[in-house]
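What the coordinates show
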Amino acid sequence: MELIIGEHAGFCYGVSRAVKKAFECAEKRMPCVTLGPLMHNPQEVERLRQAGIGSVASVAEVKDGQTLIIRSHGVVPEAFEEAERRGIPVMDMTCPHVSAIHDMVKKYSINGDTVIIVGAAEHPEVKGIAGWAGGPVIILEDAESAKTEPLPDRAMVVAQTTMRQKQFEEVIAVLKTRIPELEIRHTICAATGKRQEEAERLSRNADVMIVVGGKNSSNTQKLYETCSARCRRAYLVETPEDVLPEMFMGSEHVAVTAGASTPEWLLSQVVEKIRKITQIIE
Ligand code: SF4
């Protein structure tokens, strides 16, 4: 039986950087909290909590003496302003790719022009980007909403960094027909693009495709959707306990990918369990 692990599976640069910094703070016994869970992976968030770094839902919950860690998704500018007002030290781990989008929308909307964000309205990254725009913001989830939403004659469009390329292109195709002065910024993260392309390729050739990641992770969900559209036996697993022998019965080609918020140790544990199971079945 062939087992292929995707080269682009697991932590992206932005998440890895934030997690590394948080564990460094834990080692130094710095009193820190993250604004929202550091990443969409319950197991890694729990490991961080056990190391002494918890999370708060708002700046108001930060206690005196604590440092606030901003996660890679970024936040609205008001969060920085509130922290500054209260004298809370901030460790800003916003991914540089996301900060670049904040700068883009801020600059473009300085005179009140509209910014369109293609992404999930409830995703913290999208909320953060919207907060940096000085003018009106329209959030579009897909091409269908782009057809019906009232739109201005002039706008700049950006994408949530983990958006599927195809979905973004579909929205752009509609916007081009409806907005005469449209400025398009291709802000999908290269790491996301590579992971999605690899997952597409692997799932096309696999009998069984395993996607490892938090069920609350938007990019893991998108990876799973990509894989299940190409491979009938695609499974989304969070931990080795979710990996079951019946998933691999009669399979010859098994491939594994993982979301951007899946830590290396968890991916390795899942791969180890797959190896054990497939050896027994063989
Ligand atoms: S997916 Fe890309 S943009 Fe988002 S945090 Fe990771 S590296 Fe940064």
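Described in the following lines is the structure provided in the data block. (Residues numbered from 1 in each chain as written. Predicted model: local features only at pLDDT ≥ 70, side-chain atom pairs only at ≥ 80, totals over all residues.)

**Quick notes on the overall build of the protein chain**
- Helix and strand counts for the protein chain stand at 10 helices and 12 strands.
- In terms of overall size, the protein chain behaves like a compact globule, its C-alpha atoms giving a radius of gyration of 20 Å where 282 residues would be expected to give roughly 19 Å.
- When the backbone C-alpha atoms are referred to their principal axes, the protein chain occupies close to 65 × 55 × 25 Å.
- In the protein chain, which comprises 282 residues, the proportion classed as buried is 41%.
- For the protein chain, the share of sequence-separated contacts (at least 6 apart) that also reach a separation of at least 24 residues comes to 75%. (Helix = DSSP H or I, 4+ residues; strand = E, 2+ residues; numbered from the N terminus. Rg over C-alpha atoms; globule rule 2.2 N^0.38 Å. Buried ≥ 20, exposed ≤ 12 C-beta atoms within 10 Å, placed from the backbone. Contact = placed C-beta atoms within 7 Å.)

**A few points about the site of the ligand**
- Taken together, 14 residues lie near the ligand, and Cys12, Gly14, Cys95, His97 and Cys189 sit nearest.
- Elements with a minimum of two residues in the shell around the ligand: helix H1 (13-27), helix H4 (96-108) and helix H8 (190-205).
- With 3 residues, H1 is the largest single contributor of residues to the shell around the ligand.
- Tallied by class, the residues present in the shell around the ligand amount to 8 nonpolar, 6 polar and no charged.
- Each of domain 2 (13-96) and domain 3 (97-190) accounts for three or more of the residues forming the shell around the ligand. (Near = placed C-beta within 6 Å. Nonpolar A, V, L, I, M, F, W, Y, C, P; charged D, E, K, R; others polar. Domains from an automatic or database assignment.)

**A few points about unusual backbone geometry**
- The phi dihedral of Arg29 is positive, around 60°, even though this residue is not glycine.
- Tracing the backbone through its elements, the reader meets Arg29 in the loop between H1 and strand S2 (32-35).
- For Arg29, a count of 9 C-beta atoms within 10 Å translates into the label exposed.

**Concerning the nonpolar core**
- Ala22, Val115, Ile117, Val118 and Val158 are the most contacted members of the largest nonpolar core, which totals 51 residues.
- Counting contributing residues per domain, this core is built from domain 2 (13-96) and domain 3 (97-190), each supplying no fewer than three.
- When sequence neighbours within four positions are dropped, the list of residues in contact with Val118 reads Leu140, Val157, Ala159, Gln160, Met163, Phe168 and Val171.
- Counting 27 residues, the second largest nonpolar core, distinct from the first, contains Ala9, Cys231, Val256 and Ile274. (Core = buried A, V, L, I, M, F, W, Y, C linked by C-beta atoms within 7 Å.)

**Considerations on H8**
- Its 16 residues place the ends of H8 23 Å apart at the C-alpha level, agreeing with the 22 Å of an ideal helix rising 1.5 Å per residue.
- Considered for burial, the residues of H8 that qualify are Ala191, Thr192, Arg195, Gln196, Ala199, Leu202 and Ser203. Each buried residue of H8 sits inside an arc of 135° when the element is viewed along its axis, so together they form one side. (Expected span 1.5 Å × (residues − 1). Arc of directions from axis to C-beta.)

**Some remarks on the sheet that holds strand S3 (residues 54-56)**
- Spatial ordering of the open sheet is given by S3-S2-S4-S5, a layout of 4 strands whose pairing is parallel. Of all strands in the sheet, those bounded by a partner on one side alone are S3 and strand S5 (90-92). Averaged over all pairs of adjacent strands, the angle between strand axes in this sheet comes to 35°, irrespective of strand direction.
- In terms of strand pairing, strand S4 (residues 67-70) meets S5 through 3 bridges, oriented parallel. Across the sheet, Ile69 pairs through a bridge with Met91, a residue of S5. (Pairing = 2+ DSSP bridges. Axes fitted to C-alpha atoms, helices over the stretch in contact; angles between N-to-C directions.)

**Notes on the pairing of strand S12 (residues 253-258)**
- Counting buried positions over the 6 residues of S12 gives 5, a clear majority of the element.
- The pairing of strand S1 (residues 2-5) with S12 spans 4 bridges and is parallel. What sits directly across from Leu3, in S12, is Val254.
- Relative to S12, strand S10 (residues 208-212) runs parallel, the two being bridged by 5 bridges. Counted as the bridge partner of Met209 is Ala255 from S12.

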